[in-house]
Amino acid sequence: MKRLIEKLKNPSPLICVLSIIITVVTASLALTLVILEQSESILAYASYALAALSLAYSVYVIIIFAPKMKERIIASLKKNKFTADILENFGYRKLVFAIWSFIFNVLYALFQAVIAILSRSVWYGALAVYYIVLTVIRGQVVYKSAKQRKLGEQESLTMQYKTYRNCGFYLVALNFALTAAVVQMVVKDMSFAYAGLMIYAMAAYAFLKLTLVIISVVKADKAKDYTVKSINSISFADSLVSILALQTALLQTFGGGVGSQLANSLTGGAVCIMIIALGIFMAIRGNKLLREKETDNGRKI
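Residues numbered from 1 in each chain as written. Predicted model: local features only at pLDDT ≥ 70, side-chain atom pairs only at ≥ 80, totals over all residues. Heavy atoms only, no water.

1. A word on the overall build of the chain
Move 1: For the chain, the count of helices and strands is 10 helices and zero strands.
Move 2: In the chain, the succession of α and β elements from N to C terminus is α-α-α-α-α-α-α-α-α-α.
Move 3: Counting all 301 residues of the chain, 36% fall into the buried class.
Move 4: Here the contacts in the chain between residues at least 6 apart in sequence split such that 74% fall between residues at least 24 apart.
Move 5: Accessible surface computed for the chain: about 18,000 Å², of which carbon and sulfur atoms make up 70%. (Helix = DSSP H or I, 4+ residues; strand = E, 2+ residues; numbered from the N terminus. Buried < 20%, exposed > 50% of the residue type's maximum accessible area, 1.4 Å probe, protein only. Contact = heavy atoms within 4.5 Å. Areas by Shrake-Rupley, 256 points an atom, 1.4 Å probe, with all protein chains shown as cover.)

2. A short note on the packing of aromatic side chains
For any pair of aromatic rings, the description rests on two quantities: the centre-to-centre distance and the angle between the ring planes.
Move 1: Evaluated as defined, the whole model comprises two aromatic pairs.
Move 2: Between Tyr161 and Tyr226, the aromatic rings sit 5.4 Å apart at their centres with planes inclined by 80°, giving edge-to-face as the arrangement. On the criterion of sequence distance, the pair formed by Tyr161 in helix 7 (residues 153–187) and Tyr226 in helix 9 (residues 226–254) is long-range, its members being 65 residues apart.
Move 3: Taking 5.1 Å as the distance between ring centres and 80° as the angle between the ring planes, the aromatic pair formed by Tyr164 and Tyr226 counts as edge-to-face. Placement of Tyr164 in helix 7 and of Tyr226 in helix 9 is noted, with a sequence separation of 62 residues between them. (Phe/Tyr/Trp six-rings, centres within 6.5 Å; stacked < 30°, edge-to-face > 60°.)

3. Digging into the side chain of Thr163
Move 1: Inspection of the secondary structure puts Thr163 in helix 7.
Move 2: Judged by its relative accessible area of 6%, Thr163 falls in the buried class.

4. Here we look at the side chain of Ser58
Move 1: Secondary-structure assignment places Ser58 in helix 3 (residues 42–77).
Move 2: Looking at Ser58, its side chain comes within polar contact range of the side chain of Thr23, at 2.7 Å.
Move 3: Polar contacts involving the side chain of Ser58 include one to the main-chain carbonyl oxygen of Ser54, which spans 2.8 Å. (Polar contact = N/O pair within 3.5 Å; in protein donor to acceptor, adjacent residues only side chain to side chain.)

5. Some remarks on a nonpolar patch on the surface
Move 1: On the surface, Leu14, Val17, Leu18, Ile21, Ile22 and Val25 cluster together into a nonpolar patch covering about 550 Å² of accessible area.
Move 2: You can see Ile22 is positioned in helix 2 (residues 13–35).
Move 3: Classification of Ile22 as partly exposed rests on a relative accessible area of 45%. (Patch = residues over 30% accessible without salt bridge, like charges linked within 9 Å, V, L, I, M, F, W, Y side chains within 5 Å. Salt bridge = Lys/Arg side-chain N within 4 Å of Asp/Glu carboxyl O.)

From the geometry alone we can't say anything about function, so treat these as descriptive.
In structure tokens, the structure reads:
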């Protein structure tokens, strides 16, 4: 009995799997008996008790076993240089994720362009231009980030400042495409539409993206890496547009479009102002950093 209790206190992987299987089986049995209107039978009460006990133990197993599994996974990932850099280097991790975002933006921009051509819609055309410009900006930052890793510390810092400044200029330019899309949205009362439960998934995605960007901005501020700051600024602008798109879909789905023009014009205007303000701040800040570095080094950059 002592050996059994000890094994249950420190479960092996096999016991973990068995506990989860037993939980699924007993819970399914209890649910089946309820559906068959046998919820008052002895078998039903026995299945309820077993399901409750197995569920409680499964939670305990997950709490105990998860940290050990995490340590093993991390140890395995650290054996590979690529995955080790992703785990330990915040800037490198942001670069890798930015590459995936770049690929996604390329596909999404092409998708919007195809819709604009097929439907001959200025609304989708403006969105396509917006995402194309966003893709170009992100691609430029990713390229510069990969290039600066091969430079020395001072040269790398100079390129970071230039990338940050130029990204500000790009965001200001991006705002023209976004403004055109917002004007079309307000004037022609256009909106995004998601079928069925997709709107809830898109809502969760939009708020998750914004939350992750905010967390990343805080981390990047501590890291003082201006290439990462540039990537975060692009992601922040993208997440703001996602929130705007979500609002249009929510008003159309649950509000029947009532009051959507006023709400969309206010939110759309706020998003445009925030992005252009961010771009101007980055351009001014990046230029100031370059001048300070020029003064410190005593040479023109």
